[in-house]
Amino acid sequence: MILLSVSSAAAKPIGDLAGQADPQPSVSLAGIGSKTCSDWLSSPGHKLEGAVWIYGFWSGLNYVAAASEQKQHRASSADMIDAVEKVCRRGPSQILASAAWSAYIGHNAAQDGK
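Quick caveat, the model's predicted, so the values are computed rather than measured.

**Regarding the packing of aromatic side chains**
Throughout the structure, instances matching the rule amount to two aromatic pairs. Arranged with centres 5.1 Å apart and planes meeting at 80°, the rings of Trp58 and Tyr104 form a pair that is edge-to-face. Taken together, the residues span a long stretch of sequence, with Trp58 in helix H3 (residues 44-67) and Tyr104 in helix H5 (residues 96-112) at a distance of 46 residues. Accessibility expressed as a relative area gives 2% for Tyr104, which makes it buried. It is Lys47 that lies over the ring of Trp40; its NZ or CZ is 5.7 Å from the centre.

**Regarding the state of the cysteines**
Note on terminology: a disulfide is the covalent bond linking the sulfur atoms of two cysteines. Applying the stated criterion across every chain yields a total of one disulfide. Between the sulfur atoms of Cys37 and its disulfide partner Cys88 the distance amounts to 2.1 Å. Between Cys37 and Cys88 the disulfide shows an S-S torsion of about -60°. By sign, it is left-handed. Of the two residues, Cys37 sits in helix H2 (residues 37-40) while Cys88 sits in helix H4 (residues 77-90), which places them 51 residues apart along the sequence. Residue classification places Cys37 among the buried residues on the basis of a relative accessible area of 0%.

Each value, and the rule that gives it
Residues numbered from 1 in each chain as written. Predicted model: local features only at pLDDT ≥ 70, side-chain atom pairs only at ≥ 80, totals over all residues. Heavy atoms only, no water. Phe/Tyr/Trp six-rings, centres within 6.5 Å; stacked < 30°, edge-to-face > 60°. Helix = DSSP H or I, 4+ residues; strand = E, 2+ residues; numbered from the N terminus. Buried < 20%, exposed > 50% of the residue type's maximum accessible area, 1.4 Å probe, protein only. Lys NZ or Arg CZ within 6 Å of the ring centre and 35° of its normal. Disulfide = S-S within 2.5 Å.

In structure tokens, the structure reads:
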């Protein structure tokens, strides 16, 4: 089971978070991942900064999946950004990290459905 730590006292399984429409765990974030989707999409520079952050975030989630013998979410760099951008366009006021999380979970669900 993969765990996402939401605080030092609590953790939620990914499956529990995946069922929520817009999970907002209390997570200490760094960089543009803590900004809104509209901030990320506001300029080419921010979009590039966000892309680098998304690659690291997605890779980190895959690392945790591999370390816990779970299925990794395979996606090209372009697919990662496209998936996150689609989520962001539907909810531009959400935090980029939340959108990336939703895209990651959604991408895996789409892969499982194939």
